[in-house]
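An overview of the molecular structure
The lines below spell out each chain.
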Amino acid sequence: MARRSRSKKKNSNQAPMLIIGIAVVVALVAAGFFMSKSSSKEFSTLQEIPIVDYRDNANSLSGNQYRLEGKVISKQRWTADRGQVVAVQVDQSNGDSGALSVVIPPELGEINIERGLQYSMHIEIVSTGIARAVAVKAK
Amino acid sequence: MKSSALILLATCLPLAAQVYNPTGATPQQQPANNSSSGDTTIVRQPKEKAASPIGNEIPFLDPNQESITFGGMTFPLLESRLGSQYQSYLAAEPNLSDEATGYRQAIEDILAATSPQRSAPMSQKLREGFRLLPLAASYPGDAKICDSLGNAIYTAMLSKMNSRQLKDMMEDMEKEKSRLIRNADITAEGNKLQQAQPTSSKKGGKQNNSKSVITSRELRNYDKRILELEAMQKANRVKGEAAIISAKVQYQGLLTQLFLQRRFEHVVMGCRFYNLIFGDGDNKLRIKKGSDVDKFFSEGMGTVATVAGLDSAANEAIRKSDSLVEAFNNHISHKELHNGSRRLMEAFAIGEFMASVQTVPAEQRRIILEYVQDSFSLVKAMDVHDYSQAQIIVQSLKEQSSDFDSTAVDGAIAAYTRVANSHVRAAKMALLQQDMAKFETELKNATEVWPTNPKLNELDELLDRGASQLDTAGTLVNDFDRLLADKNYREIFNRRYEFVPAVKDDIQRRDAIEQIITNIMVIEQGLKRAESYSQKGLDYEAWESLRQLRDKPEFSKDAELGRAIEQLASNTAELARALTRAQELEEGRFGKPQVGSAMSWYLEAQRIYPGSQYAKDGINRLLDIMLPESSK
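Described in the following lines is the structure provided in the data block. What you see is a predicted model, and the numbers here were worked out from it, not measured in a lab.

All names here are of chain B. With 12 residues, helix H20 (residues 539-550) extends 16 Å between its outermost C-alpha atoms, agreeing within 8% with the 16 Å of an ideal straight helix rising 1.5 Å per residue. Of the positions making up H20, those classed as buried are Asp539, Ala542, Trp543, Glu544, Ser545, Leu546, Arg547 and Leu549. The elements touched by buried residues of H20 are helix H19 (507-535), helix H21 (559-587) and helix H23 (613-626).

Here you go:
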């Protein structure tokens, strides 16, 4: 009589593991999905910055806080102790688009802000219409 | 007839106006060679030759001598009497009328009637010739000379008649004297007989004494009468001779006068009449010693002046004038106006009243007249240093006459014009170098040598231009100042070639125009560069380069620059709008400065044109506000 293959024995032991792995992955994806959802939602209490209004008359928005979602198009200035300024391109769902510069204070320095990546920011419009980041989340 | 005689004769005559003679022969040097016939030349002893700076080619005018020396020959001015007569002769029509023909025929007839070769009694010749004189005198051209001749002949005849009467009287006297002598002889014989007879008575003796006394008184009366008759005879003889001589002198005087007046045909007639009237063989001319006619015979001919000699000289003059006219015709036929005019002039000077001279056709006279007038014009032109006109006349003379030698005058004109032009050149150089002293000297020299030099007009134009430039310079400076005040640098640049010379002596203006020219050149280069960008499709780059130029205050009003920017506006409107908006917000033109908004617009501009220097500069300025480089 032929010997039974070991693969059959092996296969019968790995099937449950596989199922478990798949489940974990799905769970992670789902978690990630939900996490992202929960982060946008985090700044979602803030109004999305009216980029057209900001571009035309940023001073009128002084003192307000807004949600900014966009892609960093350039790191305009960086300092070691006083923060940096990045340019963010905003393309909103209503079709408005534009770019603005955001001052990233030094306390948010541990966050890596890379050019070309999408970020969500909690910004505040300070004097003379300058946008200053309060919180930054990478997308 | 000796040639020298005619030469001397000619010097006794008023000198004819001579045409221009460029051959250079002098009268006293080569009188015989001047005439093609060789032995007749109308000359005047030149009083003085003037020195010529170059040679005998240059005419010298001596108003005091009323002559002009050219080529060593002396010519009288037109003011001389015969010169004007000669020109009048050339301008007049030939005497070809029926009257003139009839007159010449009458002269011929008189000469034929009185000809020594004619075999006829002298009285008949005299009568027939004398009869024709009034006919000839009726012609105006005769000037009543035949009448004068006729009167002289009549006077001479009268004197001869008186002389004949005297002779008759003398014969009668002689007869009477012979009778008285005879009677005296008879009486003397009777007296002798009575004295020889003896006497017887006293009374007879007394009667014999009274008879002899009476006879003695009678003899004395006879003697006295004879002496009276002899004295009367002597006186009448002297009177007769004196009358004849007086008649001859008067008649000869007329002949010599006619000879000096060149009325040679009348001289010949007069001589023939003379021989017919007097016929005694006494031909001696009783003229004043040392007079012109006396010299003519004594010095010229070396003989005593006689009527026959006068007749011969007149015939020779007639023949000579005829031959000169013939020579003139030959020259004219070969277009040799120069020699032809000289022959005609000589013929006129000798035989003005001869038929051959008077019948020269009008066409030929006109040709010679024009040639003579041009020749005199040439002399005058050379005299007043009008070499331009002289050249024209020389050319005309060459075309008119095949024997006109212009060598001397061409050389003179070339020499003087060259000297004059060199002075003009020197004057121009002095004017350009602004050496006014030398300019005036050279101008004066040039004017003295050739007053009508056309190149002197160039100097005048230079001077006029300089004067106008002075006026123009002031206007240009004013224009420059006005454009500079208006900051219309482009106009200054366009007129830079006018302004630069006008302001070159003003440091401030000169620096300004140099700067403007430099800047405009920069603009021009920028425009060219922008055009190059645009041609490559880089309109944003072209636009920004032009805007950068226009942002400079000195270029802000440049029309060309503005026009070029406008031309790019349609293709760069988006960028322009973004930058304009960004600047407005940055500067706070409509309120407070808006850093955030301005930065958005600069970012927008940078998005449109990533290479925008304006966007970059704006962003940097705003970053200095948002996050200064170093903490202050």
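To continue, consider the nonpolar core. Formed by 80 residues in total, the largest nonpolar core has its most connected members in Tyr86, Tyr251, Phe273, Ile368 and Leu378 of chain B. The leading source of residues in this core is helix H9 (residues 307-333) of chain B, at 10 residues. Not counting residues up to four positions away in its chain, the partners in contact with Phe273 of chain B are Ile110, Thr114, Leu126, Gly129, Phe130, Leu133, Leu149, Ile153 and Tyr251 of chain B. If you look at the next biggest cluster of nonpolar residues, it comprises 52 residues, including Ile130 of chain A together with Ile523, Ala576 and Tyr602 of chain B.

Turning our eyes to something else, we now look at the pattern of salt bridges. All names here are of chain B. Inspection of the entire model under this criterion finds 25 salt bridges over all chains. Residue Arg495 is joined to Asp479 by a salt bridge in which the shortest nitrogen-to-oxygen separation is 3.1 Å. Of this pair, Arg495 sits in the loop between helix H17 (489-494) and helix H18 (496-503) while Asp479 is found in helix H16 (residues 455-485), placing the two residues 16 residues apart along the sequence. Both residues of the pair, Arg495 and Asp479, count as buried. Taken together, the shared-partner salt bridges connect Asp479, Arg482, Arg495 and Glu498 into one network.

Attention now moves to the sheet that holds strand E3 (residues 97-104) of chain A. Sheet architecture is closed into a barrel: five strands sit in the order E1-E2-E3-E5-E4 (chain A), paired in mixed fashion. The sheet shows a mean angle of 55° between the axes of neighbouring strands, direction not considered. Summarising the sheet, strand E4 (residues 118-125) of chain A and strand E5 (residues 131-138) of chain A pair through seven bridges and their orientation is antiparallel. Across the sheet, residue Ile123 of chain A finds its bridge partner in E5 of chain A, namely Ala133 of chain A. Strand contacts of helix H22 (residues 595-608) of chain B: strand E1 (65-78), strand E2 (84-91) and E3 of chain A, with the helix running at about 125° to E3 of chain A, the strand carrying the most contacts.

Between chain B and chain A, the residue contacts involve 23 residues of the former and 21 residues of the latter. The junction of chain B with chain A conceals about 1,900 Å² of combined surface from both sides, 54% of it contributed by carbon and sulfur atoms. Interface area lost by chain B to chain A is led by Leu603, Met626 and Leu627 of chain B, which between them contribute 31%. For Arg77 of chain A, the salt bridge is made with Asp624 of chain B, and the minimal N-O distance between the two is 2.8 Å.

The next subject is the packing of H21 of chain B against H22 of chain B. All names here are of chain B. Remark: H21 packs on H22, axes separated minimally by 8 Å, with the N-to-C direction vectors making an angle of 160°. In terms of orientation, H21 and H22 fall into the roughly antiparallel class. In this structure, H21 meets H22 at a crossing whose hand is left-handed. Of H22, the residues touching H21 (which contributes Glu574, Leu575, Arg577, Ala578, Leu579, Arg581, Ala582, Gln583, Leu585 and Glu586) are Ser597, Ala598, Trp601, Tyr602, Glu604, Ala605, Arg607 and Ile608. Looking at the contact of H21 with H22 residue by residue, the class counts come to 10 nonpolar, two polar and six charged.

So, how was this worked out
- Residues numbered from 1 in each chain as written.
- Chains lettered and ligands numbered in written order.
- Predicted model: local features only at pLDDT ≥ 70, side-chain atom pairs only at ≥ 80, totals over all residues.
- Heavy atoms only, no water.
- Helix = DSSP H or I, 4+ residues; strand = E, 2+ residues; numbered from the N terminus.
- Expected span 1.5 Å × (residues − 1).
- Buried < 20%, exposed > 50% of the residue type's maximum accessible area, 1.4 Å probe, protein only.
- Contact = heavy atoms within 4.5 Å.
- Core = buried A, V, L, I, M, F, W, Y, C linked by side-chain atoms within 4.5 Å.
- Salt bridge = Lys/Arg side-chain N within 4 Å of Asp/Glu carboxyl O.
- Pairing = 2+ DSSP bridges.
- Axes fitted to C-alpha atoms, helices over the stretch in contact; angles between N-to-C directions.
- Buried area = accessible area lost by both parts, 1.4 Å probe.
- Parallel < 35°, antiparallel > 145°, perpendicular 65-115°, else oblique.
- Left-handed = near helix turned anticlockwise from the far one by under 90°.
- Nonpolar A, V, L, I, M, F, W, Y, C, P; charged D, E, K, R; others polar.

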